[in-house]
Amino acid sequence: TTAVALAAVLKADRCEILTDVDGLYSADPRVVSEAKILTSVDYDSALEMASLGAKMQARSIELAKKFDVDVEIASSQAEKKSGTRVSSTKEVPNNFIEQLRILSVATKDGFNLFRVDTTLFSFFELLSDVNYPLKLISQIGDKVTFLIEREKVVQLKEVLHTKQLKFAEIENVSTVALVGEGINHSNQIIKEASQFLKSEQEECLLCVNNSASNIFVVRTRFKKSLANFLHGRFVK
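Below you will find a few notes about this structure. Computed from a predicted model, the values in this text were never measured in an experiment.

Conventions and cut-offs
- Residues numbered from 1 in each chain as written.
- Predicted model: local features only at pLDDT ≥ 70, side-chain atom pairs only at ≥ 80, totals over all residues.
- Heavy atoms only, no water.
- Helix = DSSP H or I, 4+ residues; strand = E, 2+ residues; numbered from the N terminus.
- Rg over C-alpha atoms; globule rule 2.2 N^0.38 Å.
- Buried < 20%, exposed > 50% of the residue type's maximum accessible area, 1.4 Å probe, protein only.
- Areas by Shrake-Rupley, 256 points an atom, 1.4 Å probe, with all protein chains shown as cover.
- Lys, Arg positive; Asp, Glu negative; His and termini not counted.
- Charge placed at Lys NZ, Arg CZ, Asp CG, Glu CD.
- Phe/Tyr/Trp six-rings, centres within 6.5 Å; stacked < 30°, edge-to-face > 60°.
- Lys NZ or Arg CZ within 6 Å of the ring centre and 35° of its normal.
- Salt bridge = Lys/Arg side-chain N within 4 Å of Asp/Glu carboxyl O.
- Pairing = 2+ DSSP bridges.
- Axes fitted to C-alpha atoms, helices over the stretch in contact; angles between N-to-C directions.
- Contact = heavy atoms within 4.5 Å.

So, about the overall build of the protein. From N to C terminus, the protein includes seven helices and ten strands. Taken against the 2.2 N^0.38 rule, which gives 18 Å for 236 residues, the C-alpha radius of gyration of the protein at 19 Å falls within 12% of a compact globule. Expressed along its principal axes, the backbone C-alpha trace of the protein runs to roughly 60 × 45 × 35 Å. Within the protein, buried positions represent 44% of all 236 residues. Looking at the protein as shown, the accessible area adds up to about 13000 Å², and 49% of this sits on carbon and sulfur atoms. Separation of charge centres in the protein, based on 30 positive and 31 negative side chains, amounts to 2 Å.

Now the structure itself:
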């Protein structure tokens, strides 16, 4: 983040981040063995990837986008420099018009899922007593569902007990997200992911879809299987 900020102030041609990895991958290589280097990623996609578990600082990408700094991420050990360029430029195939185009599968561990018996309005009042972020908040019927980082669970339960709210908890869950374009124009991802989950007798605990990503919440034990399926099926 400091390097990007300096590059912006100095009006440098680019900011090179030389680290112990070759660049940004289409998935975590420790989770998906077929993960490949991404040669070019635009700011918005990089931000989405960072927020969903990719190993880079989201703040550095925010600064790069704000001040239009080209960032190159590469290995400090490689003899021939290669890696990933993060910039405003999008590499779009000639035949791409609102078609599904997936860049990566991002995974993130360390969550518990809560379903609290309350309305969304009452839940917002509850948040005034919570000083840490809750993720993927949604309401279905009279229950509010969300994720919380495991190290904050004790504090959250204290608040819930104080408010005398009933809740259910599922420990050790992860997010598996597809990041790309055209996601909100197609139900294909959700359809095929649900079929795969059903065939494996696993449950999708929560699904959130937006214009840049499709996020599935599953038990951590199943994260690797789902990530490999989605990568093999949708990352080209």
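Still more ground to cover, so stick around.
What follows is about the packing of aromatic side chains. In total, this model carries five aromatic pairs according to the counting rule given. Each ring, one from Phe114 and one from Phe146, has its centre 5.9 Å from the other, and the planes form 5°; the classification is stacked. Separated by 32 residues along the polypeptide, Phe114 in strand 5 (residues 101–117) and Phe146 in strand 7 (residues 143–149) bring together distant segments of the chain. Assessed through its relative accessible area of 0%, Phe114 is described here as buried. Measuring from ring centre to ring centre gives 5.8 Å for Phe196 and Phe222, while their planes differ by 25°; the resulting arrangement is stacked. Here the residue Phe196 occupies a position in helix 6 (residues 188–199), and Phe222 occupies one in the loop between strand 10 (213–219) and helix 7 (223–234), the gap between them amounting to 26 residues. Note on Phe222: relative accessible area 5%, which makes it buried. Its guanidinium or amino end placed over the ring of Phe234, Arg233 lies 5.1 Å from that ring's centre, counting from NZ or CZ.

Here the focus is unusual backbone geometry. Here Gln164, not a glycine, exhibits a phi torsion of approximately 55°, which is positive. One can find Gln164 in the loop between helix 5 (153–162) and strand 8 (167–181). Residue class for Gln164 comes out exposed when judged on its relative accessible area of 72%. In the Ramachandran plot, Gln201 falls in the positive-phi region, its phi being about 55° despite a non-glycine side chain. Within the secondary structure, Gln201 is located in the loop between helix 6 and strand 9 (206–209).

A separate point is the pattern of salt bridges. Using the criterion set out here, one finds 14 salt bridges in the structure. A salt bridge links Asp70 to Arg85; the shortest N-O distance between them is 2.6 Å. One end of the pair, Asp70, is in the loop between helix 3 (58–67) and strand 3 (71–75); the other, Arg85, is in strand 4 (residues 84–87), with 15 residues separating them in the sequence. Through salt bridges with shared partners, a single network forms among Arg14, Glu16 and Glu72.

In spatial order, the strands read 6-7-5-8-10-9; together these six strands make up an open sheet with antiparallel pairing. Among the strands making up the open sheet, the edge pair consists of strand 6 (135–140) and strand 9. With direction set aside, neighbouring strand axes in the sheet form an average angle of 30°. Here strand 5 pairs with strand 8 via twelve bridges, running antiparallel.

Within the secondary structure, Val31 sits in the loop between strand 1 (15–19) and strand 2 (40–42). What makes Val31 buried here is its relative accessible area of 9%. Linking Val31 and Asn209, residues 178 residues apart in sequence, is a C-alpha distance of 22 Å. If near-sequence neighbours (up to four positions away) are discounted, Val31 is found in contact with Thr107, Lys223, Lys224, Ala227 and Asn228.

In short, geometric facts, not functional conclusions.
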